[in-house]
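Architecture at a glance
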Amino acid sequence: MIRAMNPEKDAGLPAAEPYVSIVIPVYNEERILASSIAELRARLREFPWTYEILIAENGSRDRTVELAKEVSATAPEVHVHSLGEPNYGKALRAGLLRARGRFVVCDEIDLCDIGFYRGAMALLEAGDAEMVVGSKVMKGANDDRPLLRHAATLVLNRMLRVAVGFRGTDTHGLKAFRREALTDTINHCVVDKDLFSSELVVRAGREGKRVVEIPLRVAEKRRPSINLLRRVPNVLRNLAKLTYVIRVKG
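In what follows, the accompanying structure is described. (Residues numbered from 1 in each chain as written. Predicted model: local features only at pLDDT ≥ 70, side-chain atom pairs only at ≥ 80, totals over all residues. Heavy atoms only, no water.)

What follows concerns the packing of aromatic side chains. A complete count under the given rule lists 2 aromatic pairs for this structure. When the ring of Tyr-19 is compared with that of Phe-103, the centres are 5.3 Å apart and the planes differ by 75 degrees; the resulting orientation is edge-to-face. Taken together, the residues span a long stretch of sequence, with Tyr-19 in the loop between helix H1 (7–10) and strand S1 (20–26) and Phe-103 in strand S4 (residues 103–106) at a distance of 84 residues. Residue Tyr-19 is classed as partly exposed on the basis of its relative accessible area of 24%. (Phe/Tyr/Trp six-rings, centres within 6.5 Å; stacked < 30°, edge-to-face > 60°. Helix = DSSP H or I, 4+ residues; strand = E, 2+ residues; numbered from the N terminus. Buried < 20%, exposed > 50% of the residue type's maximum accessible area, 1.4 Å probe, protein only.)

Given below as structure tokens:
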């Protein structure tokens with residue numbers, strides 16, 4: 001196998017800052033990780049920008065870490081950080097703060113939706129948004145996931161509306177933003193696990209950032225790595241915490 005050369009990385013020097021950073025949290029994804037990253041890298045050739053892919057691993061019990069390191073060893077633009085504990089939000093936050101690109105895309109290993117990249121980057125580069133959120137339920141979206149997962153998105157959105165006055169249609173999943181505009185917002189977030197993404201979007205809106213939603217088409221590549229019902233108690237605890245910090249502490 002011929003390895004693409006990267007003089008800065010090979011010499012131990014910091015690589016030039018990429019135009020776009022793509023952060024992908026992963027947990028127990030040995031079945032689709034390598035193929036999904038390979039497909040994403042191939043599709044990214046459609047775009048003129050330089051990029052980095054940050055794999056934010058969090059406490060996998062399978063071969064995810066090993067496979068991610070194998071991918072990184074042959075692809076200099078792919079970097080891996082292992083959190084060592086199963087915490088989606090904490091891993092995503094760490095990945096976002098490691099990002100060096102002018103623009104940052106938060107992706108999911110089972111989506112890697114290039115159509116979202118195209119639409120989000122057009123808005124960000126034109127200055128029409130500081131954050132773009134991919135909505136699975138807004139008008140024009142097509143959610144082909146199982147009914148329970150679709151219903152969970154609707155329920156969480158309604159809970160956020162009541163609890164913290166959220167006015168959008170989705171918070172969890174694909175999003176993109178201008179790094180300089182959102183770094184302080186990331187640092188202000190206090191919840192982790194499943195609701196870090198929600199807090200990030202809610203805070204961005206409350207801080208007056210230009211947040212724009214665009215519709216997504218999503219389908220399930222594999223069953224969720226964590227059972228949806230097992231996540232409910234943690235979601236409720238973090239929602240209570242989020243409500244307190246937003247409504248009381250501000």
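Scanning the model with the defined rule gives 14 salt bridges in all. Note that Arg-43 and Glu-46 form a salt bridge whose closest N and O atoms lie 2.6 Å from each other. Since its relative accessible area comes to 43%, Glu-46 is described here as partly exposed. Across the salt bridge formed by Asp-144 and Arg-217, the nearest N and O atoms sit 3.3 Å from each other. Of the two residues, Asp-144 sits in the loop between strand S6 (142–143) and helix H6 (147–164) while Arg-217 sits in strand S9 (residues 217–218), which places them 73 residues apart along the sequence. Among the charged side chains, a network of salt bridges with common partners joins Glu-130, Arg-178, Glu-180 and Arg-210. (Salt bridge = Lys/Arg side-chain N within 4 Å of Asp/Glu carboxyl O.)

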